[in-house]
Amino acid sequence: MRKFLFILLALLANNLFSQNITDDLLLYYPFNGNVNDASGNSNNGTSYGVTYGPDRFGNANSAAYFNGTNNFVNFPNIAALKTSLPVSFSFWVKYANMNYQNQVIFNTSFENDRSTGVWFNSTSSSGSYAANYGDGSYSYTSATRRTYVSDTSINANIWHHVVVIVSGPDDMQIYIDCQEGGGYFSGSGGSLVYSITPGCIGRHDRDLSLPPDYFKGYLDDFRYWNRALTVSEVGQLCSTLSTEEHLVTADIFNVYPNPASDVIRFETNLTDLQTIVIYDAMGKVVLHSNYQSELSISSLSKGVYFIKINSETATLSKKLIIN
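Below: a short report on this structure. This is a predicted model, so every value here is computed, not measured.

Re the overall build of the protein
- Broken down by element type, the protein carries two helices and 26 strands.
- The buried share of the protein, reckoned over its 323 residues, is 53%.
- Long-range contacts, defined here as pairs at least 24 residues apart, represent 69% of the contacts in the protein between residues at least 6 apart.
- Approximately 12900 Å² of the protein is accessible, and the part contributed by carbon and sulfur atoms is 48%.

So this is what it looks like as structure tokens:
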């Protein structure tokens with residue numbers, strides 16, 4: 001039987017990862033009561049009716065709320081935000097419902113009745129996450145876009161971290177809570193085309209006969225890069241807490257080895273445990289589980305790992321050493 005040593009993780013983001021996550025960052029909206037850009041590029045957004053509510057930690061006015069009817073945020077209409085591929089995006093999202101028309105997150109070049117820009121929404125048939133880009137055609141068919149559909153379906157009313165990487169027609173990834181669960185490609189459209197109108201968060205048009213779809217729910221910490229993120233950077237983003245005050249202390253987060261097997265049991269003060277993620281020292285996810293208080297680690301070799309628990313109200317992190 002292996003021995004276990006559990007150590008409080010105090011500075012995960014600063015100590016574990018050496019890459020500079022801000023390289024080629026175009027904009028970053030923390031949504032702390034406004035749509036100001038925190039990337040240093042002064043790409044402040046323009047809000048159209050967006051309000052603010054609690055973030056995943058319960059902090060007031062720290063996440064943007066979109067009503068699903070007419071709320072959105074426009075990017076500045078500049079060439080720097082209409083970059084060639086690859087591009088990457090990261091954000092925290094809490095969908096309000098399972099209506100696919102309320103699940104569009106962004107479009108980097110929104111224009112009514114035209115397939116342009118890079119956008120992120122869900123499939124109407126399965127409710128799965130979908131990354132796309134359009135070729136500039138004035139129609140919405142599989143022949144005017146390129147799409148990657150995740151095998152992971154959306155869950156409403158739960159905070160999830162999402163990373164979207166779009167590099168080419170057959171090169172896209174969607175990470176949900178650190179995990180790229182696979183998917184499939186569709187569409188036969190041409191190269192990415194931008195319109196002369198600005199990109200936005202919260203709306204996208206997909207039907208010539210209907211008005212645009214609008215996002216309904218909460219969004220936080222939205223980032224946009226003009227490059228492809230690495231696997232370790234994805235791990236850094238989804239494991240970073242917003243402030244040190246949310247780092248957990250041992251009296252509210254305990255992990256116990258089961259002496260009879262390679263199973264660890266989690267004890268927290270959370271009443272809404274959602275996901276447990278274990279990743280290695282390079283930020284790669286090695287185990288992922290939903291809605292469980294126990295997890296088998298028999299597949300893990302000796303070494304240092306990091307445990308992250310997400311709930312609707314908090315994110316808890318600890319170091320795990322397997323001897």
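Let's pick the thread back up.
With respect to the pattern of salt bridges
- In the structure shown here, the tally under the stated rule is six salt bridges.
- The partner of Arg56 in a salt bridge is Asp221, and the shortest N-O contact between them spans 3.4 Å. With Arg56 in the loop between strand S4 (51-53) and strand S5 (63-67) and Asp221 in strand S19 (residues 216-225), this pair connects stretches of sequence that are 165 residues apart. With respect to class, Arg56 is no different from Asp221; both count as buried.
- A salt bridge links Asp213 to Arg206, with the nearest nitrogen and oxygen atoms 2.8 Å apart.
- Members of the salt-bridge network, linked through shared partners, are Asp24, Arg227 and Glu233.

Some points on the pairing of strand S12 (residues 160-168)
- Most of S12 is tucked away, with eight of its nine residues classed as buried.
- Relative to S12, strand S7 (residues 87-95) is paired through seven bridges, and the arrangement is antiparallel. What sits directly across from Ser88, in S12, is Ile165.
- Both S12 and strand S13 (residues 171-176) contribute to a ladder of six bridges, which runs antiparallel. By the bridge assignment, Ile165 is partnered in S13 with Gln173.
- Hairpin connection of S12 to S13: two residues between the antiparallel strands.

Details of the environment of Thr275
- Looking at where Thr275 falls in the secondary structure, it is placed in strand S22 (residues 273-280).
- When the C-alpha atoms of Thr275 and His288 are compared, they prove to be 7.3 Å apart, with 13 residues separating the residues in sequence.
- Apart from residues lying up to four places away in sequence, Thr275 is in contact with Asp177, Ser289, Asn290, Lys308, Ile309 and Asn310.

Brief notes about the packing of aromatic side chains
- By the definition in use, this model includes 21 aromatic pairs.
- When the centroid spacing of 6.2 Å and the interplanar angle of 10° are considered together, the rings of Phe106 and Phe120 count as stacked. Within this pair, whereas Phe106 is found in strand S8 (residues 106-107), its partner Phe120 is found in strand S9 (residues 118-122), the two being separated by 14 residues in sequence.
- A relative accessible area of 0% places Phe106 in the buried class.
- Exposure remark for Phe120: the relative accessible area of 0% places this residue in the buried category.
- Above the face of the Phe72 ring, Arg203 is positioned so that its terminal group lies 3.7 Å from the ring centre.

Brief notes about the nonpolar core
- Counting residues in each nonpolar core, the largest one holds 38 residues, and the members touching the most others are Phe91, Ile105, Phe120, Ile201, Leu219, Phe222 and Tyr224.
- Breaking this core down by element, the ones donating at least two residues are strand S2 (25-29), S5, S7, S9, strand S10 (128-134), S12, S13 and S19.
- With five residues, S7 is the single largest residue contributor to this core.
- Formed by 14 residues, the second largest nonpolar core is a distinct cluster that contains Tyr305, Ile307, Ile309 and Ile322.

Here we look at the environment of Tyr305
- Along the chain, Tyr305 falls in strand S25 (residues 303-311).
- Between the alpha carbons of Tyr305 and Ile322 there is a distance of 7.9 Å; along the sequence they are 17 residues apart.
- Leaving out residues up to four positions away in the same chain, Tyr305 has contacts with Ile278, Tyr279, Asp280, Val286, Leu300, Lys318, Lys319, Leu320 and Ile322.

With respect to unusual backbone geometry
- Here Leu85 and Pro86 are connected by a cis peptide whose omega angle stands at 10°.
- Of note, Pro86 is situated in the loop between strand S6 (72-74) and S7.
- A positive phi angle is found at Asp221, which is not glycine, with a value near 50°.
- Owing to a relative accessible area of 10%, Asp221 belongs among the buried residues under this scheme.

Examining the sheet that holds strand S3 (residues 46-48)
- Taken in spatial order, the eight strands line up as S3-S6-S16-S8-S9-S10-S11-S15 in an open sheet, and their pairing is antiparallel. Of all the strands in the sheet, the pair left with one neighbour each is S3 and strand S15 (183-186).
- When S9 meets S10, the two strands line up antiparallel, connected through five bridges. Directly across from Trp119, in S10, lies its bridge partner Asn132.

So, how was this worked out
- Residues numbered from 1 in each chain as written.
- Predicted model: local features only at pLDDT ≥ 70, side-chain atom pairs only at ≥ 80, totals over all residues.
- Heavy atoms only, no water.
- Helix = DSSP H or I, 4+ residues; strand = E, 2+ residues; numbered from the N terminus.
- Buried < 20%, exposed > 50% of the residue type's maximum accessible area, 1.4 Å probe, protein only.
- Contact = heavy atoms within 4.5 Å.
- Areas by Shrake-Rupley, 256 points an atom, 1.4 Å probe, with all protein chains shown as cover.
- Salt bridge = Lys/Arg side-chain N within 4 Å of Asp/Glu carboxyl O.
- Pairing = 2+ DSSP bridges.
- Phe/Tyr/Trp six-rings, centres within 6.5 Å; stacked < 30°, edge-to-face > 60°.
- Lys NZ or Arg CZ within 6 Å of the ring centre and 35° of its normal.
- Core = buried A, V, L, I, M, F, W, Y, C linked by side-chain atoms within 4.5 Å.

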